[in-house]
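Residue-level structure breakdown
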Amino acid sequence: MDSLIAKGDAIQLLNKKRKRTESGKRTTKLNSSSDRTAASVAQKTSLPKSIRPTSPPPGHVSKHTHIKDLKLRTQLTRQASHAARAKELLRDAELLLTNDAGTIQVENDMERTWRVRQDEIAAGAGQEAAKGRQEWKLDGGPYRSRYTRNGRHLAIVGKTGHVATFDWQTGTIHAELQLQETCRDITFLQDQSFFAVAQKKYVFIYDRDGVEIHRLKAHIEPTRLEFLPYHWLLATIGNAGYLKYQDTSTGYLVAEHRTKLGACHAMTQNRHNAVIHLGHQNGVVSLWTPNLPHPAVQLLAHLGPVVSLSIDPSTGGRYMASSGADGTVKIWDCRNWKGAIREWMTRGGSAELEWSAKSALAVATGGSVNVYTKPSIQSFFAPKVPPPLYLTHPIPHRPLTSVRFCPFQDILTIGHNAGLSSILVPGSGEPNFDSTEADPFENKRTRQEREVKGLLDKIQPDMIALDPDFIGSLAPPPKLTTAVDDKHDIPFARLPRLERLRIQGKADETEIDTSVERVEDANEHEDVNTKSAKVLTQEQQKKKMRGRGKSLKRYLRKQRKNVIDPTAVAIRAKLEKQRTERRTAKAIEKGEIMRRNPSALDRFRHP
């Protein structure tokens, strides 16, 4: 074997080079460039992309060439390359569940998945998965439910005041209350240790044992609740039509928006960008953020009141489903809002909607629950016919008031008049969970550490926007200049209208010149006889006298400030100079003043 290796000349001694140091001692430096074994291995191997120091960045990374500072430009380009490279590596890391595995598969084209009953699904599933098929018969309905982020704990609330929170897997009840008043909605806060209830008059916050902690008097007659976990904000909407954001970490009311559209009974959040979607009684759907006093997006979705809204979490908040009292269900693309990409009618009137983590849409209407899957509900289809049905389950207890998918489980919980029903929907849950975000098997210490980290990493409400990728990016260079002259700069919004039109390139120079001449003639009282000879109509007289009352003059006089602004002085001097030149030119044309030829002695004249 040694002879073969020697014959192949694969292993040789490294070249030795002697180098003399400052102290005069000789050191030996090994030259690895002549090592054929290392060179042969390097040609056939390479470092992983994640630790490769000089991996080429993706081609769509912006270069930030408009930035003059070379150091800042290099830093921003490096950050953009790192972010783009991380996205590609994350896409490559998704090795599990690349196909639509876990759904119901039929043997031939004649069979249908919606014909499979729940008892058959429970018999075919495992013993642990079959525990999700449960029936809770309760008095005091109709009921609404809400899961925690890890899908381990469930909170239910009845319209007559029955409230309960429990671990549905072990059957351990945390708290059970009889509030003896109307309750409309319930939600967990950062975890199962606190939950909020929308009661008849105010929003109340309770701890895990059912002890009342806070009464939020600012939230009057609430109808729907939503909690933003990364911002620690409790968003509420009520019969008064006010959307309010309450910071649960500090206790302050962050924002309060008047929607001006009356009572609202449909509310959901986009988990991708934390934007609140509201459905109003006039069929309008509006999108709100804490930092805008007006809706970011407003569209007419239905001809009647909006009953339910839901956002698809698997696509990054790209698709929204809405249902109205007119019996229609519509799928919207949140990127353009040009129209519904899919629309169909339901038999039982208004419907309750909910998207799962794997893009399964549950529609509860009438006395049944229908489940639709992608890609049929996410692709454009002009005819108003229902998409192919994936699963259906009849429920005789009307009305059906809520539908909730359990995170990381193939379970759908339906709230109705007689309690709650949980059915199995194969392939609807996300099988992989990130323990740093939501861990179904966390203990007390893990929950405490996650709560502390969540407070330290809390995002400010000002960062909520339709496009969350704007954080860390650079503002584009302005297209409009704000310089009026070479000495002074004025913001574009404070420029006169003629200057703004001239900068934008929309001003008509001939019209501007004639208007300036008219104003100057009027101010200098020139050609009074010709102006008085003009006969004005009654409508022109009204327009001419508009805004010349004493009250307006008094208001403008109060607004004047006794401050000498160098910019205003420079502009007045410039206008006065132009006015003098124009007046001189008119006098020369009339022959009143003789045109003076320039002389060499003009340079010694006093300006």
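In the block above lies the structure referred to throughout.
A brief structural summary. Please read all numbers here as calculations on a predicted model, not as lab measurements.

Check the secondary structure of the chain and you find 11 helices and 30 strands. Expressed as a percentage of the 607 residues in the chain, the buried residues total 35%. When contacts within the chain are restricted to residue pairs at least 6 apart in sequence, those whose partners lie at least 24 apart make up 45%.

All right, on to the sheet that holds strand β24 (residues 351-355) then. Strands sit in the order β24-β25-β26-β27 across an open sheet of four strands; the sheet is antiparallel. Both edges of this open sheet fall to β24 and β27 (391-394), since each of them pairs with a single strand only. Each adjacent strand pair in this sheet contributes to an overall mean axis angle of 15°, direction not counted. As paired strands, strand β25 (residues 360-365) and strand β26 (residues 368-373) are joined by six bridges and run antiparallel to one another.

Moving on, we get to a nonpolar patch on the surface. A cluster of nonpolar side chains, namely Met463, Phe470 and Ile471, defines an oily patch on the protein surface of about 260 Å² accessible area. Its location among the elements puts Phe470 in the loop between α5 (444-456) and α6 (497-504). Using a relative accessible area of 38% as the deciding quantity, one classes Phe470 as partly exposed.

All right, on to the sheet that holds strand β15 (residues 253-258) then. Strands sit in the order β12-β13-β14-β15 across an open sheet of four strands; the sheet is antiparallel. Across the chains shown, the open sheet's two edge strands, defined by having one partner strand only, are β12 (222-228) and β15. Between one strand axis and the next, the sheet turns through 15° on average, direction left out of account. Pairing of strand β13 (residues 233-238) with strand β14 (residues 242-247), which is carried by five bridges, proceeds in the antiparallel orientation. Note on β14: the bridge partner recorded for Ile237 is Leu243.

For residues besides glycine, phi is generally negative; the peptide bonds are generally trans as well. Gly141 connects to Pro142 through a cis peptide bond whose omega is 0°. Residue placement: Pro142 occurs in the loop between β3 (134-137) and β4 (143-147). The residue after Lys374, namely Pro375, is reached through a cis peptide bond having omega 5°. With phi around 60°, Gln180 is a residue other than glycine that occupies positive phi space. Considering the arrangement of structural elements, one finds Gln180 in the loop between β7 (172-178) and β8 (185-188).

This part covers the environment of Asp139. Topologically, Asp139 is positioned in the loop between β3 and β4. Residue class for Asp139 comes out exposed when judged on its relative accessible area of 73%. When the C-alpha positions of Asp139 and Lys159 are compared, they lie 10.0 Å apart, and in sequence the two are 20 residues distant.

With that settled, consider helix α11 (residues 566-590). Between its terminal C-alpha atoms α11 stretches 36 Å, which fits the 36 Å expected from 25 residues at 1.5 Å a residue. Backbone geometry just downstream of α11 places Gly591 in the positive-phi region, at approximately 90°.

Let us now look at the pattern of salt bridges. Here the structure, examined in full by the defined rule, presents 20 salt bridges. Residues Asp333 and Arg335 are paired through a salt bridge, measuring 2.9 Å at the closest nitrogen-oxygen approach. We classify Asp333 as buried; its relative accessible area is 8%. With a relative accessible area of 55%, Arg335 lands in the exposed category. One network of salt bridges, with partners in common, ties together Arg144, Arg146, Asp185 and Glu226.

The next point concerns the environment of Ala587. When you line up the elements, Ala587 lands in helix α11. Given the relative accessible area of 10%, Ala587 is considered buried. Not counting residues up to four positions away in its chain, the partners in contact with Ala587 are Glu592 and Ile593.

This part is about the packing of aromatic side chains. Applying the stated criterion across every chain, the model contains six aromatic pairs. Both rings, one in Phe408 and one in Phe433, keep their centres 5.9 Å apart while their planes meet at 65°; by these two values the pair is edge-to-face. One end of the pair, Phe408, is in the loop between β28 (402-405) and β29 (411-416); the other, Phe433, is in the loop between β30 (419-424) and α5, and 25 residues separate them in sequence. Note on Phe408: relative accessible area 24%, which makes it partly exposed. On the basis of relative accessible area, Phe433 is assigned to the partly exposed category, the value being 34%.

Burial analysis of strand β6 (residues 162-167) places six of its six residues in the buried class, the great majority of the element. Two successive antiparallel strands, strand β5 (residues 153-158) and β6, enclose a turn made up of three residues, where Gly161 displays a positive phi of approximately 120°. Note that β6 and β7 share six bridges and pair antiparallel. Residue Val163 lies in a different strand from β7, and its bridge partner there is Leu177. In textbook terms, the turn of a hairpin is the stretch between consecutive antiparallel strands, and for β6 and β7 this stretch comprises four residues, one of which, Gly171, has a positive phi near 80°.

Turning to the pairing of strand β16 (residues 264-269), a few remarks are in order. With five of six residues buried, β16 is to be regarded as a mostly interior element. One ladder, built from five bridges, connects β16 with strand β17 (residues 276-280); its direction is antiparallel. By the bridge assignment, Met267 is partnered in β17 with Leu278. A loop of six residues connects β16 with β17, the two strands running antiparallel in sequence, and Ala274 in this loop sits at a positive phi of about 60°.

Attention shifts here to the side chain of Ser286. Looking at where Ser286 falls in the secondary structure, it is placed in strand β18 (residues 284-288). Looking at Ser286, its side chain comes within polar contact range of the side chain of His280, at 2.8 Å. Here the side chain of Ser286 touches Trp288 through a polar contact of 2.7 Å, side chain to side chain. In this structure, Ser286 is in contact with Ile276, His277, Leu278, His280, Pro295, Val297 and Gln298, ignoring residues within four places of it in sequence.

Cut-off values and rules
Residues numbered from 1 in each chain as written. Predicted model: local features only at pLDDT ≥ 70, side-chain atom pairs only at ≥ 80, totals over all residues. Heavy atoms only, no water. Helix = DSSP H or I, 4+ residues; strand = E, 2+ residues; numbered from the N terminus. Buried < 20%, exposed > 50% of the residue type's maximum accessible area, 1.4 Å probe, protein only. Contact = heavy atoms within 4.5 Å. Pairing = 2+ DSSP bridges. Axes fitted to C-alpha atoms, helices over the stretch in contact; angles between N-to-C directions. Patch = residues over 30% accessible without salt bridge, like charges linked within 9 Å, V, L, I, M, F, W, Y side chains within 5 Å. Areas by Shrake-Rupley, 256 points an atom, 1.4 Å probe, with all protein chains shown as cover. Salt bridge = Lys/Arg side-chain N within 4 Å of Asp/Glu carboxyl O. Expected span 1.5 Å × (residues − 1). Phe/Tyr/Trp six-rings, centres within 6.5 Å; stacked < 30°, edge-to-face > 60°. Polar contact = N/O pair within 3.5 Å; in protein donor to acceptor, adjacent residues only side chain to side chain.

So, to be careful, I would describe these as geometric facts and stop short of saying anything about function.
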